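These are the residues of each chain, in order.
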Amino acid sequence: MIVAPSILSADFANLQRDVEMINRSTADWFHVDVMDGVFVPNISFGFPVIRAIKKHVQKPMDVHLMIVQPERFIKDFKDAGADHLSVHYEACTHLHRTLQEIKKHGMKAGVAINPHTSVSLLEDVLPLIDIVCMMSVNPGFGGQKFIEGTYKKIKELRLLISKVNSKTLIEIDGGVDLTNAPLLLKVGADILVAGNTIFSSDDPMETIAILKQSKLASNV
Ligand code: DX5
Ligand code: ZN
């Protein structure tokens with residue numbers, strides 16, 4: 001399983017320190033949330049910050065775009081250092097084309113879905129999707145409460161992935177904590193994003209290590 005700490009909850013005045021902590025930890029990816037104030041009711045950061053982070057990260061950058069018309073910026077995010085680029089299903093009129101473009105630029109292609117979006121809508125594009133970023137909160141803010149209906153959606157997506165025989169990974173984003181992590185993995189999640197749980201803890205490195213071990217806990 002993969003742990004992806006969300007930079008959104010880092011201390012922005014000490015970004016390099018927090019990035020280096022993640023480098024030293026057992027985390028696998030950096031999850032980078034980009035918000036435009038239109039698709040979601042919040043604005044996070046853009047290219048200058050991503051470029052600055054990229055200079056220090058030693059793990060893949062998993063960029064989650066919560067912006068309208070994400071297809072306009074595919075090359076810019078590649079140039080800024082994104083290794084994976086996730087666009088929202090709800091923000092893409094031509095999702096198939098957008099996924100092709102992301103891959104053409106050498107990045108893994110992700111599709112994020114809001115809590116109200118059924119996984120069945122992904123069936124026809126699933127073979128093109130490397131990562132489904134399933135929102136387990138309404139996107140826009142860190143530190144929100146996990147939506148319990150997510151477990152059912154993970155099971156449905158797992159079935160769909162095996163039906164179309166794709167290698168798509170399931171990423172869970174929002175409200176992940178040390179309590180729900182084992183069950184999320186048990187029902188079929190591959191990647192856990194965590195912001196608040198990691199950065200508000202007394203020992204973020206240790207919290208990452210515990211999340212990494214959630215797979216073991218899911219088998220007991
Ligand atoms: C929410 C973002 C998440 C967020 C997760 O819109 O997409 O990645 O940072 O934060 P937590 O883990 O605090 O819910
Ligand atoms: Zn995210």
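Please read these numbers as outputs of a predicted model, since none were measured by experiment. Residue indices begin from 1 for each chain and proceed along its sequence in written order. Each chain is given a letter, starting from A, and each ligand a number, starting from 1, according to the order in which they appear as written. For a predicted model such as this one, the threshold for reporting local features is a pLDDT of at least 70, and the threshold for listing and counting side-chain atom pairs is 80 or more; totals across whole chains, interfaces and linings nevertheless cover every residue. In computing side-chain values, all of the structure's heavy atoms are included and hydrogens and water are not.

Considering the overall build of the protein chain
Heads up, the condition is: Numbering goes from the N terminus for both helices and strands, where a helix is a DSSP run of H or I of at least four residues and a strand is a run of E of at least two. To get the radius of gyration, use the C-alpha atoms; to get the globule rule, take the number of residues to the power 0.38 and multiply by 2.2 Å. In this description, contact between two residues means that some pair of their heavy atoms is separated by no more than 4.5 Å. Shrake-Rupley sampling with a 1.4 Å probe provides the accessible areas, and residues are treated as covered by the protein chains on show and by no other component. Asp and Glu count as negative and Lys and Arg as positive, but His and the ends of the chain are not part of the count. In plain terms, the charge of a residue is placed at NZ if it is Lys, CZ if Arg, CG if Asp and CD if Glu.
The secondary structure content of the protein chain amounts to nine helices and eight strands. For a compact globule of 220 residues, the expected C-alpha radius of gyration is about 17 Å, and the protein chain comes in at 16 Å, within 12% of that figure. Counting only C-alpha atoms, the protein chain reaches 45 × 45 × 30 Å along its principal axes. Taking the intrachain contacts of the protein chain between residues at least 6 apart in sequence as the baseline, contacts between residues at least 24 apart amount to 65%. Carbon together with sulfur atoms contributes 53% to the accessible area of the protein chain, which is approximately 9,900 Å² in total. Each charge class in the protein chain can be summarised by its mean position, and for the 23 positive and 25 negative side chains these summaries are 5 Å apart.

Topic: the coordination of the zinc ion (ligand 2)
Rules: In this description, a donor is an N, O or S atom within 2.8 Å of the metal centre, a cutoff extended to 3.2 Å for sodium, potassium and calcium. Water is not part of the atom list, which can make sites seem incomplete. Every geometry call rests on angle ranges, with four donors termed tetrahedral when all angles are between 85 and 135 degrees, four termed square planar and six termed octahedral when opposite donors are over 155 degrees apart and all others are between 65 and 115, and everything else termed irregular. Categorising residues by exposure relies on relative accessible area from a 1.4 Å probe, with only protein chains included: less than 20% of the type maximum marks a residue as buried, more than 50% marks it as exposed, and the intermediate range marks it as partly exposed.
The coordination sphere of the zinc ion (ligand 2) contains the protein donors His 31 (NE2), Asp 33 (OD), His 64 (ND1) and Asp 173 (OD), at a distance range of 2.0 to 2.3 Å. Geometry at the zinc ion (ligand 2) is octahedral, judged from the six donor atoms that bind it and their angles of 70 to 171 degrees at the metal. Residue classification places His 31 among the buried positions, given a relative accessible area of 1%.

Remarks on the site of ligand 1
Which entries qualify depends on this criterion: Note on definitions. A residue lies near a molecule or strand when any single heavy atom of the residue is within 4 Å of it. What qualifies as a polar contact is a pair of N or O atoms within 3.5 Å, subject to a donor-acceptor requirement within protein and to the restriction that residues adjacent in sequence count only when both atoms come from side chains. Ten residues, namely Ala, Val, Leu, Ile, Met, Phe, Trp, Tyr, Cys and Pro, are considered nonpolar, four, namely Asp, Glu, Lys and Arg, are considered charged, and the remaining ones, Gly among them, are considered polar.
Not every one of the 20 residues close to ligand 1 is listed here, only the nearest: Asp 33, Gly 140, Gly 143, Asp 173 and Gly 195. Here an oxygen atom of ligand 1 sits 3.2 Å away from a polar atom, N or O, in the side chain of His 64. The backbone of Gly 143 places a nitrogen or oxygen atom 2.7 Å from an oxygen atom of ligand 1. Elements supplying a minimum of two residues to the shell around ligand 1: β2 (30-35), β3 (61-66) and β8 (191-194). Per element, the largest residue contribution to the shell around ligand 1 is three residues, and it comes from β2. For the shell around ligand 1, the per-class residue count stands at eight nonpolar, 10 polar and two charged.

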